[in-house]
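Chain and residue survey
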Amino acid sequence: MSFAYFDSSVIVKRYVMEQGSMEAISLLSRHDFLSSAISPVEVLSALKRRNRSGDVTDDEFSLLITRIRNERARWELVAITETVLSWAEKIVQGPVPMRALDAIHIASSLAFQVSASVQVPFVTSDSRQDEAARQLGLNVVLIR
């Protein structure tokens, strides 16, 4: 298998069935998992929000945490380095309005591709992130 970079918005779809979940699960099964070191925190935060809102029960949340811990051993996570942060700063100053963590994901994908001398798909379900990543030349897969 080859790597694909997965934004947190897509990773959540692996654990909570919603629009786009089947496509996310399919892509996750066909590619080696690559994401930013911030992803585990983002995913846990998103799942806890759903737990607090009642969309995910306490028992479901506990099971999801166990699944994530078991699967996380196979996750390749890009470290947050000075290079990643510098690129993220440039991305948030670009023409597309961008949240800080979304910019860090794009920058992490770019850093991996430069260091590994390989292009990998950038998988997201965020339309603004999609637009910014495409402007930077990434091969984006947008899950809706």
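Residues numbered from 1 in each chain as written. Predicted model: local features only at pLDDT ≥ 70, side-chain atom pairs only at ≥ 80, totals over all residues. Heavy atoms only, no water.

Observations concerning helix 6 (residues 100–116)
Compared with the 24 Å implied by 1.5 Å per residue over 17 residues, the 24 Å span of helix 6 between its first and last C-alpha is a close match. Of all 17 residues in helix 6, 12 are buried; the element is thus mostly enclosed. Buried within helix 6 we find Asp102, Ala103, Ile104, His105, Ile106, Ala107, Ser108, Ser109, Leu110, Ala111, Phe112 and Gln113. A positive phi of about 50° marks serine 117, the residue just after helix 6. (Helix = DSSP H or I, 4+ residues; strand = E, 2+ residues; numbered from the N terminus. Expected span 1.5 Å × (residues − 1). Buried < 20%, exposed > 50% of the residue type's maximum accessible area, 1.4 Å probe, protein only.)

Digging into helix 5 (residues 82–92)
The set of residues buried in helix 5 consists of Val84, Ala88 and Ile91. Along the axis of helix 5, the buried residues cluster in a sector spanning 60°; they form a single face. For helix 5, the exposed residues lying more than 90 degrees away from the buried face are Glu82 and Lys90. Looking at the packing, one finds that the buried side of helix 5 touches helix 6. (Arc of directions from axis to C-beta. Contact = heavy atoms within 4.5 Å.)

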